[in-house]
There are 2 protein chains.
Amino acid sequence: MSKREAIERLLNPGSIAIVGVSKDFTSISGKPMKNLIRHQFEGDIYPVNPKYEEIEGFTCFPSLLDVPGKIDVALIAVSSKRMMQILSECEQKQVRSVILFGSGFAETGEDGERLQAEVLEKAKKAGITILGPNCIGLLNVRTSIPLGFSTSFETEEGFLSGNVGFASQSGALGFSLFGLAQEENIGFSHVINTGNQMDIHTLDCIDYMLEDDGTDVVAGYLEGIPDGEMLIRLAKRAKALKKPLIMLKAGRSEIGRKAAMSHTASLTGSDETFQAIAKQYGLVVANDVDDMIDLMKVFSRGKQTNGNNVVTISNSGAAGIAMADYSEPLGLELVRLPNETQAKVEEIIPSYGSALNPIDITAQALKEQHILTDTLEVLINEDEVNVIVVQTTFGGELGQNICEKIAEIDKTTEKPIVVTITGTTEITGEGRAILEKASVPVYKTSYKTMFAVKHLADFSRFCLKEEKDPFELPAIEERDDPTGIWTEVRVKKELFSLGIRIPQGTLIKDREHLQKVKANVPYPVVCKGISKDVLHKTDAGSVKVNIKNAVELEDAYESIASSLRAYNPDADIDGILAEEMLQDESVEMFIGVKEDPQFGPLIVCGLGGIFVEVLQDISIRHAPIDAEEASDMLKELKGYPLLEGIRGGSRRDIPALAETLARISQYASTHNGHIQEMDINPLWVFEEGQDVAALDGIIVWKNKKDTVVN
Amino acid sequence: MSKREAIERLLNPGSIAIVGVSKDFTSISGKPMKNLIRHQFEGDIYPVNPKYEEIEGFTCFPSLLDVPGKIDVALIAVSSKRMMQILSECEQKQVRSVILFGSGFAETGEDGERLQAEVLEKAKKAGITILGPNCIGLLNVRTSIPLGFSTSFETEEGFLSGNVGFASQSGALGFSLFGLAQEENIGFSHVINTGNQMDIHTLDCIDYMLEDDGTDVVAGYLEGIPDGEMLIRLAKRAKALKKPLIMLKAGRSEIGRKAAMSHTASLTGSDETFQAIAKQYGLVVANDVDDMIDLMKVFSRGKQTNGNNVVTISNSGAAGIAMADYSEPLGLELVRLPNETQAKVEEIIPSYGSALNPIDITAQALKEQHILTDTLEVLINEDEVNVIVVQTTFGGELGQNICEKIAEIDKTTEKPIVVTITGTTEITGEGRAILEKASVPVYKTSYKTMFAVKHLADFSRFCLKEEKDPFELPAIEERDDPTGIWTEVRVKKELFSLGIRIPQGTLIKDREHLQKVKANVPYPVVCKGISKDVLHKTDAGSVKVNIKNAVELEDAYESIASSLRAYNPDADIDGILAEEMLQDESVEMFIGVKEDPQFGPLIVCGLGGIFVEVLQDISIRHAPIDAEEASDMLKELKGYPLLEGIRGGSRRDIPALAETLARISQYASTHNGHIQEMDINPLWVFEEGQDVAALDGIIVWKNKKDTVVN
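Please read all numbers here as calculations on a predicted model, not as lab measurements.

Caption draft 1: View of the sheet that holds strand β8 (residues 137-140) of chain B. Residues and elements named next belong to chain B. Read from one edge to the other, the open sheet built from seven strands follows the order β9-β8-β11-β10-β12-β13-β14, with strand pairing classed as mixed. Each edge of the sheet is formed by a strand with only one pairing partner; in this case those strands are β9 (145-148) and β14 (284-286). Ignoring which end each strand starts from, the neighbouring axes of this sheet average 15° apart. Sheet analysis places β8 next to strand β11 (residues 188-193), joined by three bridges and oriented antiparallel.

Caption draft 2: Structural view of the side chain of arginine 652 of chain A. Residue and element names in this part refer to chain A. You can see arginine 652 is positioned in the loop between α22 (640-644) and α23 (654-670). The buried category is assigned to arginine 652, whose relative accessible area is 4%. Looking at arginine 652, its side chain comes within polar contact range of the side chain of serine 650, at 3.0 Å. If we ignore the near neighbours within four places in the chain, the residues touching arginine 652 are Asp584, Ser586, Val587, Leu642, Leu643, Val685, Phe686, Glu687 and Glu688.

Caption draft 3: Structural detail: the UniProt feature "domain: CoA-binding" (unreviewed entry) in chain A. Here the UniProt feature "domain: CoA-binding" (unreviewed entry) sits at residues 10-105 of chain A. End-to-end, the C-alpha atoms of residues 10-105 of chain A are 21 Å apart, and along that stretch the chain is 21% helix and 23% strand.

Caption draft 4: Representation of the sheet that holds strand β2 (residues 44-48) of chain A in the model. Residue and element names in this part refer to chain A. Spatial strand order, β2-β1-β5-β6-β7: five strands in an open sheet with parallel pairing. Here the strands that pair on one side only, and so sit at the sheet edges, are β2 and β7 (129-131). Sheet twist, expressed as the average angle between the axes of neighbouring strands with direction ignored, equals 20°. Pairing of strand β1 (residues 15-19) with strand β5 (residues 73-76), which is carried by four bridges, proceeds in the parallel orientation. In the strand pairing of β5, valine 19 is matched with isoleucine 76.

Caption draft 5: Molecular detail of the relation of the copies chain B and chain A. Superposing chain B onto chain A takes a rotation of 180° plus a shift of 0.0 Å along the axis, which leaves an RMSD of 0.2 Å. Each copy turns onto its partner about a two-fold axis. Of all interface residues in chain B, 100% are interface residues in chain A too; the two copies therefore contact each other through one and the same surface.

Caption draft 6: Examining the interface of chain B and chain A more closely. Of the residues lining the interface, 73 residues belong to chain B; the matching set on chain A comes to 74 residues. Between chain B and chain A, a total of about 5800 Å² is buried, with carbon and sulfur atoms accounting for 64% of that surface. At the surface where chain B touches chain A, the tally comes to two salt bridges. Glutamate 183 of chain A is the salt-bridge partner of lysine 444 of chain B, the closest N and O atoms lying 3.8 Å from each other. Linking chain B to chain A there are twelve residue pairs in polar contact (both at pLDDT 80 or more). At the level of elements, α5 (171-183), α8 (254-264), α10 (289-300), α11 (317-330), α15 (425-437), α16 (446-464), α20 (610-613) and α22 (640-644) of chain B are the ones that each hand at least two residues to the side of chain B that touches chain A. The biggest single contributor to the side of chain B that touches chain A is α11 of chain B, with seven residues. When the residues that make up the side of chain B that touches chain A are grouped by side-chain class, the tally is 27 nonpolar, 26 polar and 20 charged.

Caption draft 7: Geometry of the environment of lysine 548 of chain A. Residues and elements named next belong to chain A. When you line up the elements, lysine 548 lands in the loop between β24 (543-547) and α19 (550-567). Owing to a relative accessible area of 49%, lysine 548 belongs among the partly exposed residues under this scheme. Every residue in contact with lysine 548, bar those within four places of it in the chain, is listed here: Tyr523 and Pro524.

Caption draft 8: Spotlight on the side chain of serine 316 of chain A. Secondary-structure assignment places serine 316 of chain A in the loop between β15 (309-314) and α11 (317-330). A residue is classified by how much of its surface remains accessible, and serine 316 of chain A, at 5% relative accessible area, is buried. Residues in contact with serine 316 of chain A, not counting those within four places in the same chain, are Asp360 and Gln391 of chain A together with Ser170 and Ala172 of chain B.

Conventions used here
- Residues numbered from 1 in each chain as written.
- Chains lettered and ligands numbered in written order.
- Predicted model: local features only at pLDDT ≥ 70, side-chain atom pairs only at ≥ 80, totals over all residues.
- Heavy atoms only, no water.
- Pairing = 2+ DSSP bridges.
- Helix = DSSP H or I, 4+ residues; strand = E, 2+ residues; numbered from the N terminus.
- Axes fitted to C-alpha atoms, helices over the stretch in contact; angles between N-to-C directions.
- Buried < 20%, exposed > 50% of the residue type's maximum accessible area, 1.4 Å probe, protein only.
- Polar contact = N/O pair within 3.5 Å; in protein donor to acceptor, adjacent residues only side chain to side chain.
- Contact = heavy atoms within 4.5 Å.
- UniProt positions renumbered as here; feature names shortened; annotations may be inferred.
- Least-squares fit on C-alpha atoms with pLDDT ≥ 70 in both.
- Buried area = accessible area lost by both parts, 1.4 Å probe.
- Salt bridge = Lys/Arg side-chain N within 4 Å of Asp/Glu carboxyl O.
- Nonpolar A, V, L, I, M, F, W, Y, C, P; charged D, E, K, R; others polar.

Now the structure itself:
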């Protein structure tokens, strides 16, 4: 049975057993039963506990085996110590889906880990799917079936179903977020808490929800990434389906990471890497619970933007200023309206208002609602405008009428309309609810509104981005199990074979060879002693620069050879590399590759010197990337202006640099699983049209059979 | 009458006239009357409008002059065109306080500006104080008197009074923020909207509120700073009184600034400068309405912290991780608890919880409330802990009991307790309200909580910082009206007189002088041609470096002299400066002074090269500063590690650099109003104990009578 099928079954049981049920409905083992009753579950409920004969009119059975009917899902609320036995009973009773609430598993240390592994093994053999342990349960919002003990299940108001699916590793966070979102009339399809995610993990649930027809927005709370490649696959699928995947990733700080490990036994990776992956693959990243709700709201409307040109309409000048202030750092553009559109707006609003974006329709709109709605009608027909933001403080009946009208207009256009209504629930709550129920995104404050618009615009733009195949570059033949540490000469040979420029040079093997080549060396040259036993050339005195002729070359040869012998008498010397001395060193970069335990090969680049050493100014992507993505990567660097030619410097060959980055990323991807790390440093970037050149490099292969390969 | 007295009278009228009142209580000119009736104003109400004889049982008078009694405050809701006439009537009737609602003044352009000036002049002569125009009014929350037409005045629930005062340039923003804050049970003393602030401006209101006994927290919304020096004075006063001054400053973006100018005719200054001033003088800066409410809440409790050591308690591991994640970037420290305290906590919580900070008291605390409260009792007695953060999802009756207990414990300790209750209003609202009414700060989500704690800790630390007098440095004698542009030689002389090191050197006037000094020049030297007609020395070929002896000096002299003549035959040459050639140039800084139109003299510093040119890495303060503040200023620089000695470089003489900054700031402050700009660039910073040296500089005096002074 696939995970998707397993989740489908967990969400839609016809009969439910509750093992270890308590009559005390305020206790964790009592609440799940109470919740089924409260929300009028229509299937069969089988309480299981030898202590009782009946609970609230339901027959209570001594064990699972005594239950007369078929059991679709068993909720298990017994101590972890009894799990193996209960699992045997599940197997005998052919229960295929289990939710484990209890703790005492991997989150508690080694013994718990061992138990968790045993339980999983047994379950797999028996074909049983497990949600949990250490979880609160799940909620199929469409059918109103809560399986678990969240406080949010205790509402008397019922659940609002809709198009948002949410999978959360944490139960407390997951369901309290769900409750808060419901308060703002955000409707959900399913909410699933995975806890220790022993079997079904959060990404499995996200996968299910992405493929679910009625779910248009998928959100996930994760403390670690159980499977980085799967996350990337899901992100790509989300893009193809145009379903935003909103992620809240915890464990970003050192202490947070440690706490995460003791919490639900997760390994949380580096935040920089996660953020880079998220940007590259279009994940929508929330920083906290509030963000997540704000994002669910704007995306659940289902509209996309055609750009980031925003127009704002408000009845308060201050709100207009605020929205302008927030737009700039969020990368939104308060578009300048064409003259004829501005003229149309001027005709509608009072003379002391402003038809210049941000549009101020003044407090007069409090009296005459057509001012706002007529302005809206003009703007939905203006092609230059991608998103319309409306800010009002309108309350009472007037406010409600206006909100109804906005909701009507919103239905007539594909253009997103996002609203701020700043005011108390007493005065403005009804109006807000009208918009919320019509799925028009509405926020209480302008910052939240602009934040949501920014992410809507970003995701829409990302969805429009064409997927390119980085392997349009000539294919790279995979090396057959390369080993050891490759240093300068070997790495340069490799880079050359990839089409990356390296300085011209000759490895002079011995004196005889020297005599043969000395006339043809591309003077001036740099000479470097090459030995796998001497990695730090400068320390060994084995570098000589600016060798201008054959005489100097012979001197350099002898001098380096004797320095090497003095430095390490046993060193195995491959020869002396005489290499053309390149001139223009004004922009020095490095390109690195490293294998991330969660996501596989990453490519990193940055400028040398203080940029990397003082400012940690680097840019990261998951390999492979194409040249366009590589250009974006470069633009993120704080030092990018140096490549563009600031300070009187000339513009550098950015296209060649991007191409080189793409090529190296392709190499990293081709050798996925083999490269431990790789570093090209320095890489000189010459003037426009003059290419780049790799001046040194190292590749550390995972297989270290031999130590150093020159 | 002082502004304070004027505001006092506006807030506490015994009788109110409403000029231009409307019977339509949904209109702007009808609402103020309706609001007085709604909130049962106990003084006299005099509607004034020739159209009516009575309104709701109140006699309506044709003009102000017909009103029988004394009028304390007149609310004016007539067209701006009639203002001069109404003002005459006010004068005759001896009305001393006026609130002007209408627009049509400075915000509309030149004509409006002229009218506004006329009105102000007339009012001043007549001893009339004006609030507005273009404003919504004010609210004395203590006495429940709303004077104006805000939607927030239309509540049927009454107002909650308390210790927060709020002055807002924008009415819509001000009163909607007020309404939202009241929803969270934040009590206010006064809320005043200043609009165009023709007479009483926002800073006047802040001044009033700071001195008001029952107001402990003062908040302001500003679109521009009407008086920078007053803001600084208020900030200092706020610190002395330990009353936080929370500021939301709009008009940060270019478009926002433009909109602000059309909105309430403000000049908004550079955001960088405002942020620097705010940091230096301890203003608490909010980014948006939500921030402002969150900050009002935490400060209105009135507790301060003794440090930024935080302990968090939660019943959900995820919340603990989240709080740890947020702490790090906010500069809070999740403190490691001493072993004995940890042991005490361990005894209280379930074995599968965690007594390690973040403390996880587990969902078991849902059942046994003593787990949380006992843990709290332990922690309030732990000196290492400065702030306790509690996160719960507890709802219902249990939640309420726990909240009551937290409120009780909070009363027994000076230590701030800040709470997050994540959950719906239906389930957790009652508990939250219990805490809110006890003034215990409570938020719905962890980020908001940690954000509030950060600002509480920052302000508390700021209040503890001792005020030092930067003029402990030897006094600087103010130059008597200096003029022109001072260049290298003159500036260096000035710096030397301030005790700042400059290279030793001699200005060689002519050949005769050359012969006299050539034996005593501190070789090796740099030679520079000095002429007020040649500002770009390198362009003129008038710099020679590394002059090692008298012969070379003579050559250099002749060569520079002829270069200068070739470059500009008419140049007036002062001589040739022969200056010791300092060696260690690894860290180059600049120090600048500029006069800000709002705040006066600012001091700016940064590292040279790419730090300033590519990264715009600068640090700003208002002058004067002491050496401690100067050190803080340096630490803000991204390139600060270079001063500390990264990349194998040695540590630089940071104390000497800080001292120099302080000294220059003192110079800037002494010559406040005279310096247009000043720049010391480069300033070399030598190794520890080796001082700094100013290598070049310029001072541009405001009085430019002469052009250049060498």
